[in-house]
Amino acid sequence: MTAAEFQAGTTRILYDADRLTTLSLEWLQPNFWRLRGAVLAELGGRGQALAVGTEAGEAVLRPYLRGGWMARINRDRYFFNGYKRSRPFREWRLLARLHAAGLPVPRPLMAGCDRSGLAYRGALLTQRIPHALPLDRLLAVLTEPDWRELAVTLNRFFGAGLVHPDLNPGNVLRDESGDWYLIDLDRARLRKGPVSPKPMIARLERALQRSSSYPPGLLPGLVSAS
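One structure accompanies this document, and this report is about it. (Residues numbered from 1 in each chain as written. Predicted model: local features only at pLDDT ≥ 70, side-chain atom pairs only at ≥ 80, totals over all residues. Heavy atoms only, no water.)

Helix and strand counts for the chain stand at six helices and 13 strands. The globule rule puts the C-alpha radius of gyration for 226 residues at 17 Å, and the 18 Å found for the chain is close to it. Overall, the C-alpha framework of the chain stretches about 50 × 40 × 35 Å when taken along its three principal axes. Taken over 226 residues, the chain has a buried fraction of 46%. Of the contacts made within the chain by residues no fewer than 6 positions apart, 60% connect residues no fewer than 24 positions apart. Approximately 11700 Å² of the chain is accessible, and the part contributed by carbon and sulfur atoms is 49%. Of the side chains in the chain, 32 bear a positive and 21 a negative charge, and the two mean positions are spaced by 10 Å. (Helix = DSSP H or I, 4+ residues; strand = E, 2+ residues; numbered from the N terminus. Rg over C-alpha atoms; globule rule 2.2 N^0.38 Å. Buried < 20%, exposed > 50% of the residue type's maximum accessible area, 1.4 Å probe, protein only. Contact = heavy atoms within 4.5 Å. Areas by Shrake-Rupley, 256 points an atom, 1.4 Å probe, with all protein chains shown as cover. Lys, Arg positive; Asp, Glu negative; His and termini not counted. Charge placed at Lys NZ, Arg CZ, Asp CG, Glu CD.)

Checked against the element boundaries, R62 lands in strand β5 (residues 57–63). By relative accessible area, which is 13% here, R62 ends up buried. Here the side chain of R62 touches D184 through a polar contact of 3.1 Å, side chain to side chain. (Polar contact = N/O pair within 3.5 Å; in protein donor to acceptor, adjacent residues only side chain to side chain.)

Before going further, it helps to spend a moment on the layout of surface pockets. Reported here for the second largest pocket is a volume of approximately 320 Å³. Around the second largest pocket, the lining comprises 16 residues; the ones closest to its centre are L28, Q29, R121, G122 and A123. For the lining of the second largest pocket, the elements supplying multiple residues, two or more each, are β2 (11–16), β7 (108–116) and β8 (119–127). Considered class by class, the residues forming the lining of the second largest pocket number nine nonpolar, four polar and three charged. (1 Å grid on protein atoms, 1.4 Å probe; cavity = no way out; pocket = protein on both sides within 12 Å on 5 of 7 lines; lining within 4 Å. Points joined across faces, edges and corners; volume = space filled by probe spheres on them. Nonpolar A, V, L, I, M, F, W, Y, C, P; charged D, E, K, R; others polar.)

In this section: the packing of aromatic side chains. Applying the stated rule across the entire model yields six aromatic pairs. The interplanar angle of 75 degrees and the centroid separation of 6.4 Å between the aromatic rings of F80 and Y120 together place this pair among those described as edge-to-face. Here F80, found in the loop between β6 (78–79) and α3 (87–100), pairs with Y120, found in strand β8; they are 40 residues apart in sequence, far enough to count as distant. For F80, a relative accessible area of 10% puts it in the buried group. Through a chain of ring-to-ring contacts, three or more aromatic side chains come together here, namely Y78, F80, Y83 and Y120. Note that R62 overlies the ring of Y64, its terminal NZ or CZ placed 5.1 Å from the centroid. (Phe/Tyr/Trp six-rings, centres within 6.5 Å; stacked < 30°, edge-to-face > 60°. Lys NZ or Arg CZ within 6 Å of the ring centre and 35° of its normal.)

Moving on, we get to the sheet that holds strand β9 (residues 133–134). In a beta sheet, neighbouring strands pair by backbone hydrogen bonds and run either parallel or antiparallel. Reading across the sheet, the three strands line up as β9-β11-β12 and stay open at both edges, with antiparallel pairing between neighbours. Two strands lie at the open edges of the sheet, namely β9 and β12 (180–182), each paired on one side alone. Pairing of strand β11 (residues 172–174) with β12 involves three bridges; the strand directions are antiparallel. Residue L173 lies in a different strand from β12, and its bridge partner there is Y181. (Pairing = 2+ DSSP bridges.)

Let us look at helix α5 (residues 198–208). Of all the positions in α5, only M200, I201, L204, E205, A207 and L208 are classed as buried. Down the axis of α5, the buried side of the element spans an arc of 160 degrees, and every buried residue falls inside it. Seen from the buried face of α5, the exposed residues on the opposite side, beyond 90 degrees, are K198, P199 and R206. (Arc of directions from axis to C-beta.)

Another aspect to go through is the environment of A160. Looking at the element boundaries, A160 is found in the loop between α4 (144–159) and β10 (162–163). As for A160 and K192, which are separated by 32 residues in sequence, their C-alpha atoms are 7.8 Å apart. Residue contacts for A160: discarding those within four places in its chain leaves L103, L190, R191 and G193.

We now examine a nonpolar patch on the surface. A cluster of nonpolar side chains, namely F6, L23 and L25, defines an oily patch on the protein surface of about 220 Å² accessible area. Its location among the elements puts L23 in the loop between β2 and α1 (30–35). (Patch = residues over 30% accessible without salt bridge, like charges linked within 9 Å, V, L, I, M, F, W, Y side chains within 5 Å. Salt bridge = Lys/Arg side-chain N within 4 Å of Asp/Glu carboxyl O.)

By the criterion of burial, strand β4 (residues 49–54) is predominantly enclosed, with five of the six residues buried. Pairing of β4 with β5, which is carried by five bridges, proceeds in the antiparallel orientation. Directly across from A51, in β5, lies its bridge partner V60.

Put into structure tokens, the structure is as follows:
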């Protein structure tokens, strides 16, 4: 994967030069895809992610949007302290490192940071994982071997030093081949050496317990034993 940058005015783009041979700032605008009729699915979430059909194949566009009470005041602006420190640029580079290491994450295609004075707006475009469903939609059909495979996958990330601050059932995907992936790594980071999975698995466990299809304590037991 070859990282390259392009700037037009106050907008800077970080992109995968191996996959994107042509660039357009409009690719990071949801309305661009809607007007072209190229929206394949509304994926929801805080960032109101869209699955879109691009010249580089199916992709997911996720604008960076705030949640909670802050969204009532400021929905999509963040303090600007350099393009390289912006959330889309940091997530793009993290995904690139994980992807290069052979870990199951979406391949990053393009990250954009649009500066306006002391603030910026951002968006991220990643390769779409074909025929994948989030964990929270699979609870009723997963078998014990499926859970064991998930535990093995998560341990690969924890062993690589990944700290995911928002590990929840919507950020864990499984494709039709049974392979597991992590997505939405905004604010995630890599540490040197393995990290403790306990706080991340505890967060995931709390979310899973909202479903009657999930046996409490299953995943923490598998992760600690893997």
